[in-house]
Amino acid sequence: MGRQVLVTGGTGYIGSHTVVELQSKGFEVIIIDDLSNSSAEVVDQIEKITGIRPLFEQFNLLDAKRLNTFFQKYNHIEAIIHFAAFKAVGESVNKPLAYYQNNLISLMYILECMSRYKISNLVFSSSCTVYGQPDQLPVTEQTPKKEAESPYGNTKAISEEILNDVVKATPEITAIALRYFNPIGAHPSSLIGELPQGVPNNLVPFITQTAAGIRPQLSIFGDDYQTPDGSCIRDYINVVDLAKAHVVAINRLLDNKTKSRYEFFNIGTGKGASVLEVVKTFEKATGVKVNYTIVARRPGDIEQIYADTTNANKILGWKAEVSLHDTLLSAWNWEKKIRNIN
Ligand code: UFG
């Protein structure tokens, strides 16, 4: 039997890809997910890809009683990857309390249970949102954090502070936070991918839905930024590459290789791509034209951000491998699969 890892939010977008990578490396995975933004079929799809069905418990992490019962039942868990969280930036502005409650209390409950049930290792989903619009590019882990642009972003910044404080006070716990840049794409099998509910907020699902004819037109938010083509720049990271970073982080924890009990790493490609470049690369990769129009800037958008990934490369021994071209093609193959497009 492999070493047991609990993955909260394991049927979600990044969670599901991470479960696949963990299982392919011999880990035994238990998922907790309340399916508030995912579906139980993801468990079947993971089984189709890996040949192994992960254990799955459906409940909300704020159900403290259920969480305790869970840890009493599964008493061989060695590490936790905590993905489960609300993640819509715009929604968080309108529902700040829901975001603070869900994202912060679930983390605190997980940390309490780690102490209570003697689980030492945690990987936490953080975000490049903690940097805001940085003064210097690319951003290193030492780049000063800026005030959060949204309650969602603030939950990630506060979560990192909680982790820092808790590991100081709890010598048994070691944590690694991974600061994701912009995760995109889908598994090469097209059996799992991103499933946004309603109108997508993020660029790539909007592009694939426009290409599929579900949306009439992509709106590009601003072409008057101080960037080479005027559109915003981000660091788009392939979701399978990102999933692999979690496996590397878990191994680092289990092998006691961490240099301190709280570490944090940028997880990106190290390369920035503009919105217009993403659209052009998508068209080239897929041969499908994307109908787009330039509109006003989106409030709260930062002009540009991309990662310095030296630490992830040298310390974790991880690096992004899949190109933007292939990643966008995987996103399109996934969209076609779920829409039955040939
Ligand atoms: N964009 C468009 N049109 C769209 C959607 C997005 O032009 O329909 C542009 C945005 O203006 C931005 C870029 O595409 O320049 C990327 O936007 P996304 O919404 O895909 O991603 P963000 O960079 O805004 O947000 C992502 C994550 C957040 C995280 C944030 C950190 O979705 O969870 O990065 O910077 F907080």
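Just so we're clear, the structure is a prediction, and the values are computed from it rather than from any experiment.

A. The arrangement of the overall build of the protein chain in detail. Across its full length, the protein chain carries 11 helices and 13 strands. A globule of 342 residues ought to have a C-alpha radius of gyration of about 20 Å, and the protein chain, at 19 Å, matches this closely. With the principal axes as the frame, the protein chain shows a C-alpha extent of 55 × 45 × 40 Å. Across the 342 residues of the protein chain, 53% fall into the buried class.

B. Structural detail: helix α1 (residues 13–24). Taking 1.5 Å per residue as the helical rise, α1 with its 12 residues ought to reach 16 Å, and the 17 Å between its terminal C-alpha atoms agrees with that figure. Burial within α1 is extensive, with 11 of its 12 residues counted as buried. For α1, the full list of buried residues reads Tyr-13, Ile-14, Gly-15, Ser-16, His-17, Thr-18, Val-19, Val-20, Glu-21, Leu-22 and Gln-23. Looking one or two places after α1, you find Gly-26, whose phi comes out positive at around 90°.

C. Region of the structure containing unusual backbone geometry. Cis geometry marks the peptide bond from Leu-137 to Pro-138; its omega dihedral reads -5°. Relative to the elements of secondary structure, Pro-138 occurs in the loop between β5 (121–127) and α6 (151–169). In this structure, Lys-118 is a non-glycine residue whose phi angle is positive, near 55°. Positive phi outside glycine occurs at Asn-256, with the angle close to 55°. Among the secondary structure elements, Asn-256 is positioned in the loop between α8 (239–254) and β11 (262–267).

D. Summary view of the confidence of the model for the protein chain. Per-residue confidence for the protein chain averages 97 on the pLDDT scale, and 100% of its residues sit at or above 70. Confidence scores differ between elements of the protein chain, with helix α4 (residues 89–94) showing the lowest mean pLDDT of 93 and strand β1 (residues 4–8) the highest of 99.

E. Broad picture of the packing of aromatic side chains. Applying the stated criterion to the full structure yields eight aromatic pairs. Ring pairing ties together the aromatic residues Phe-59, Phe-70, Phe-71, Tyr-74 and Tyr-117, which thus form one cluster. Here the guanidinium or amino end of Arg-297 rests over the ring plane of Tyr-225, the centre of that ring lying 3.9 Å away.

F. Structural detail: the site of the ligand. The immediate surroundings of the ligand are formed by 20 residues, with Asn-202, Leu-203, Ser-219, Arg-234 and Asp-301 found nearest. A distance of 3.4 Å is found between an oxygen atom of the ligand and a backbone nitrogen or oxygen belonging to Asn-201. Within the backbone of Phe-221, an N or O atom sits 3.0 Å from an oxygen atom of the ligand. Protein contacts shield 89% of the accessible area of the ligand, which totals 690 Å² for the unbound molecule. Every element with two or more residues in the shell around the ligand is listed here: α7 (203–211) and β8 (218–221). Take the shell around the ligand: its biggest share by element is four residues, from β8. Grouping the amino acids of the shell around the ligand by side-chain chemistry returns 11 nonpolar, six polar and three charged.

Cut-off values and rules
Residues numbered from 1 in each chain as written. Predicted model: local features only at pLDDT ≥ 70, side-chain atom pairs only at ≥ 80, totals over all residues. Heavy atoms only, no water. Helix = DSSP H or I, 4+ residues; strand = E, 2+ residues; numbered from the N terminus. Rg over C-alpha atoms; globule rule 2.2 N^0.38 Å. Buried < 20%, exposed > 50% of the residue type's maximum accessible area, 1.4 Å probe, protein only. Expected span 1.5 Å × (residues − 1). pLDDT = per-residue confidence, 0-100. Phe/Tyr/Trp six-rings, centres within 6.5 Å; stacked < 30°, edge-to-face > 60°. Lys NZ or Arg CZ within 6 Å of the ring centre and 35° of its normal. Near = heavy atom within 4 Å. Polar contact = N/O pair within 3.5 Å; in protein donor to acceptor, adjacent residues only side chain to side chain. Areas by Shrake-Rupley, 256 points an atom, 1.4 Å probe, with all protein chains shown as cover. Nonpolar A, V, L, I, M, F, W, Y, C, P; charged D, E, K, R; others polar.

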